[in-house]
Amino acid sequence: MSANDTAVTVLFTVDSLRSDALPTDGVVSALGERGTVFEHAFAQGNWTPFSFPSILGAEQVFNDSGDIGVADAPTLAETLSDAGVSTAGFNGANGFLTEHWGYDRGFDDFESFTSGTGDSLYSKYLTAHPTVQAWLQVAASPIRRLFGKRGGARNVSRMLDVEHRAIDFVEEAEPPFFLWVHYMDVHTPYVPAPKFVRDETGTKVGSLKMLRAHARAGLGREVSDDSLADLESLYRAASRQVDASVGRVLSALDRRGVRDDACIVLTGDHGEEFMEHGHLAHYPKLYEELVHVPLIVRTPDDGPKSKRGNEDTVECAVGLDSIPATICDTMGVEHDFSSGSLLGDASDRVPVTSVAVRGTHVTQQPIPRRLKDGELLVSARTADWSYIYHTESGNRELYDRRRDPTEQENSWDEHEGSEFAGRLHDAVENRIDDIETDGRSESVELPSDVTNRLEALGYQ
């Protein structure tokens, strides 16, 4: 994979998009046919606040402090902006990706579509609990559709708001520019528009059946086979809905005459579990369904491939922390990101590490989001192997994904003491050292305005 300096880059991130969830007949699939598909791309955490510091920031989560949020070092947007690149970021209402966590830094135009944190206790609560707004949208969806609210007949997420702002930016911005678009439609609760449910299942699923499937699931509890099948169908239908929106944004690049010369990156920030290890959604675990995500990079140098089987693929393991360096290198912008770029040969990469923090039980609410809230879990992955280490209990899990792709059979006892098992554990120890030397420090003084915002959100 290579690229000349390009003046336009668009980064699409899809919340909770696991590696096997993309429609094979959609816009993103066609993007992969013209670009580079990274078959073994892994998120640095099991959910958004643990993953995104690697995608838009300069450091992995907890390297800078024991709390979530981007590190103090220049972010991707700041680095590009300092180089004269116009920047815009639009987040479809994920409360962990707001200015409160530093994600607005470097963006000339930024909107998170979440309630503000003014004097209203209600708005503070909504911002601190990013999935509550989604559930409110589910409850309101029949009313929105009944009264024909904008977008209500098509979807009840903020997808259309994000999409419209993104297209407006594309139509008005002068190159060079960088656009980040984050979708929440694939995040629970899954409420795709009926069209996409029909496209996925061939049947019509109304709002009440959507609500019933989610209510029966009762996140974190056992579900029937029928309810699980309904949820998976809704999830994949939501993926189709996002795929269509990505296509409309790309069409805006076409109208501007810049699509062929643009760098397009698409990824999920983490995956989603459907009872593979006993639960739903994305509780604190580091198994394949939660950290293996799609990653497609299309640069101006990527010509069309004749068919799906001939696309450029990369088989080695890569982490999402390579995205900032890759985008900067593609745009010809100097940077200080320590994680290597995806441009060029990636065959000698070290194992990819990911983290989670688990409380007294897996489904503890709220889910632990700081180091001191629970036990740190760290994993290391290659293209074939997964290793998970529980730092307090000392429990170790090792999976050979070639013969055990769903990671059900722990083979640590069989391979303990082997060279490759030692290599995986060394990668985990290096990650822990980064956290212990920096992330656990209690001496870091936060600016007063950041402290006030964290207090308003209930995190201090």
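Residue positions are given per chain, counting from 1 as you read along its sequence in written order. It should be noted that, the model being predicted, local features are given only for residues of pLDDT at least 70 and side-chain atom pairs only at 80 or more, the latter also being counted only at that level, while totals for whole chains, interfaces and linings use all residues. Side-chain calculation: all heavy atoms of the structure are included, whereas hydrogens and water are not.

### Quick word on the confidence of the model for the chain
The predicted coordinates ought not to be read in detail in places where the model reports low pLDDT.
Part 1 of the argument: Each residue carries a pLDDT value, the predictor's own confidence for that position, ranging from 0 to 100. Per-residue pLDDT for the chain has a mean of 83; in total, 78% of the residues score no lower than 70.
Part 2 of the argument: Here a residue-residue contact requires only that any non-hydrogen atoms of the pair lie within 4.5 Å. Taken as a whole, residues 126-130 scores under 50 in pLDDT and shows 17 contacts with residues more than four places along the chain or in a different chain.
Part 3 of the argument: Note on residues 303-310: pLDDT is under 50 here. Beyond four places in sequence and across chains, it has 13 contacts.

### With respect to a negative patch on the surface
Part 1 of the argument: Judged by side-chain charge, Glu59, Asp433, Asp434 and Glu436 come together as a negatively charged surface patch.
Part 2 of the argument: Numbering of helices and strands runs from the N terminus; a helix is a DSSP stretch of H or I covering at least four residues, while a strand is a stretch of E covering at least two. Looking at where Glu59 falls in the secondary structure, it is placed in the loop between helix H2 (48-56) and helix H3 (76-82).
Part 3 of the argument: Each residue gets one of three labels from its accessible area relative to the maximum for its type: buried under 20%, exposed over 50%, partly exposed in between, using a 1.4 Å probe on protein chains only. Note on Glu59: relative accessible area 31%, which makes it partly exposed. A patch consists of residues whose relative accessible area exceeds 30% and which take part in no salt bridge; residues with like charges are grouped when within 9 Å of each other, and nonpolar side chains (Val, Leu, Ile, Met, Phe, Trp, Tyr) when within 5 Å. The accessible surface values rely on the Shrake-Rupley method and a 1.4 Å probe; as for residues, cover is taken only from the protein chains in view. A pairing counts as a salt bridge when a side-chain nitrogen of Lys or Arg comes within 4 Å of a carboxyl oxygen of Asp or Glu. Residues counted as positive are Lys and Arg, residues counted as negative are Asp and Glu, and His and the chain ends are not counted. Each charge is placed at NZ for Lys, CZ for Arg, CG for Asp and CD for Glu.

### Description of empty space enclosed by the protein
Part 1 of the argument: Only protein atoms enter the calculation, which uses a 1 Å grid: trapped sets of points that fit a 1.4 Å probe without letting it out are cavities, open sets showing protein on both sides within 12 Å along at least five of seven lines are pockets, and any residue with an atom within 4 Å of a point is a lining residue. Grid points are joined across faces, edges and corners, and a volume is the space filled by probe spheres set on the points. Scanning the model with the defined rule gives five cavities of 30 Å³ or more in all.
Part 2 of the argument: Empty space within the second largest cavity amounts to approximately 50 Å³.
Part 3 of the argument: What lines the second largest cavity is simply Leu56, Val70, Thr75, Leu76, Ala77, Gly102, Tyr103, Arg105 and Phe107.
Part 4 of the argument: Split by residue class, the lining of the second largest cavity holds six nonpolar, two polar and one charged. All residues other than Ala, Val, Leu, Ile, Met, Phe, Trp, Tyr, Cys, Pro, Asp, Glu, Lys and Arg, Gly among them, are scored as polar; the first ten of these are nonpolar and the last four charged.

### Topic: the layout of surface pockets
Part 1 of the argument: Roughly 550 Å³ of volume is contained in the largest pocket.
Part 2 of the argument: Around the largest pocket, the lining is made up of 27 residues, and of these Gln60, Asp321, Ser339, Val350 and Thr353 lie nearest the centre.
Part 3 of the argument: Elements supplying a minimum of two residues to the lining of the largest pocket: strand S11 (312-319), strand S12 (352-358) and helix H13 (419-439).
Part 4 of the argument: Ranked by the residues each element gives to the lining of the largest pocket, the list is headed by H13, at five residues.

### As for the pairing of strand S1 (residues 8-14)
Part 1 of the argument: Most of S1 is tucked away, with seven of its seven residues classed as buried.
Part 2 of the argument: Both faces of S1 are covered, namely the face carrying Val8, Val10, Phe12 and Val14 and the face carrying Thr9, Leu11 and Thr13.
Part 3 of the argument: For two strands to count as paired, DSSP must find a minimum of two bridges between them. Where S1 meets strand S5 (residues 177-183), seven bridges bridge the pair, whose relative direction is parallel. Each bridged residue has a counterpart across the sheet, and for Leu11 the counterpart in S5 is Trp180.

### What about the environment of Trp385?
Part 1 of the argument: Residue placement: Trp385 occurs in strand S14 (residues 385-390).
Part 2 of the argument: Once the C-alpha coordinates of Trp385 and Ala317 are considered, the two residues, 68 residues apart in sequence, prove to be 9.9 Å apart.
Part 3 of the argument: Residues contacting Trp385, with those up to four places away along its chain left out, are Ala380, Leu398, Tyr399, Asp400, Arg401, Arg402, Ser411, His415, Phe420 and Leu424.

### Regarding the nonpolar core
Part 1 of the argument: Nine residue types can take part in a nonpolar core, namely buried Ala, Val, Leu, Ile, Met, Phe, Trp, Tyr and Cys, and a core is a set of them joined through side-chain atoms within 4.5 Å. Leu11, Leu80, Phe178, Trp180, Leu295 and Ile327 are the most contacted members of the largest nonpolar core, which has 63 residues in total.
Part 2 of the argument: The biggest single contributor to this core is H13, with six residues.
Part 3 of the argument: Those residues in contact with Trp180 that sit more than four places away from it in its chain are Leu11, Thr13, Phe52, Leu56, Ala88, Gly89, Phe90, Asn91, Leu97, Phe107 and Phe110.
Part 4 of the argument: Core analysis: the next-biggest nonpolar cluster, separate from the first, contains 50 residues, Phe12, Leu160, Leu179 and Val181 among them.

### Structural notes on the pairing of strand S3 (residues 86-91)
Part 1 of the argument: For S3, the buried fraction is high: five of the six residues fall into the buried class.
Part 2 of the argument: Summarising the sheet, S3 and S5 pair through six bridges and their orientation is parallel. When the bridges of S5 are listed, Phe90 appears paired with Val181.
Part 3 of the argument: With three bridges joining them, S3 and strand S4 (residues 109-111) adopt parallel strand pairing. The residue of S4 that forms the bridge with Phe90 is Glu111.

### Considering the packing of aromatic side chains
Part 1 of the argument: Only the six-membered ring of Trp is used, alongside the rings of Phe and Tyr, when aromatic pairs are assigned; centres must lie within 6.5 Å, and planes under 30 degrees apart are stacked while those over 60 apart are edge-to-face, with the rest tilted. Taken as a whole and judged by the stated rule, the model has 16 aromatic pairs.
Part 2 of the argument: Seen from their ring centres, Tyr287 and Tyr399 are 6.1 Å apart, and the 75° between their planes marks the pair as edge-to-face. Here Tyr287, found in the loop between strand S8 (280-281) and helix H10 (288-291), pairs with Tyr399, found in strand S15 (residues 396-400); they are 112 residues apart in sequence, far enough to count as distant.
Part 3 of the argument: Overall, Tyr287 belongs to the buried group, its relative accessible area being 12%.
Part 4 of the argument: Exposure remark for Tyr399: the relative accessible area of 4% places this residue in the buried category.
Part 5 of the argument: An aromatic cluster is present here, built from Phe52, Tyr103, Phe107, Phe110, Phe178 and Trp180 joined pairwise through their rings.
Part 6 of the argument: Either the NZ atom of lysine or the CZ atom of arginine qualifies as a charge over a ring when it sits within 6 Å of the ring centre and within 35 degrees of the ring normal. The positively charged end of Arg381 is found above the aromatic ring belonging to Phe42, 5.7 Å away from the centroid.

### A look at the sheet that holds S12
Part 1 of the argument: In space, the four strands of this open sheet follow the order S12-S13-S14-S15, with antiparallel pairing throughout. Of all strands in the sheet, those bounded by a partner on one side alone are S12 and S15. When strand polarity is set aside, the average angle formed by the axes of neighbouring strands in this sheet is 15°.
Part 2 of the argument: Summarising the sheet, strand S13 (residues 375-381) and S14 pair through five bridges and their orientation is antiparallel. Each bridged residue has a counterpart across the sheet, and for Leu377 the counterpart in S14 is His390. All axes are obtained by fitting lines to C-alpha atoms, using only the stretch in contact for helices, and the reported angles, taken between N-to-C directions, cover 0 to 180 degrees.

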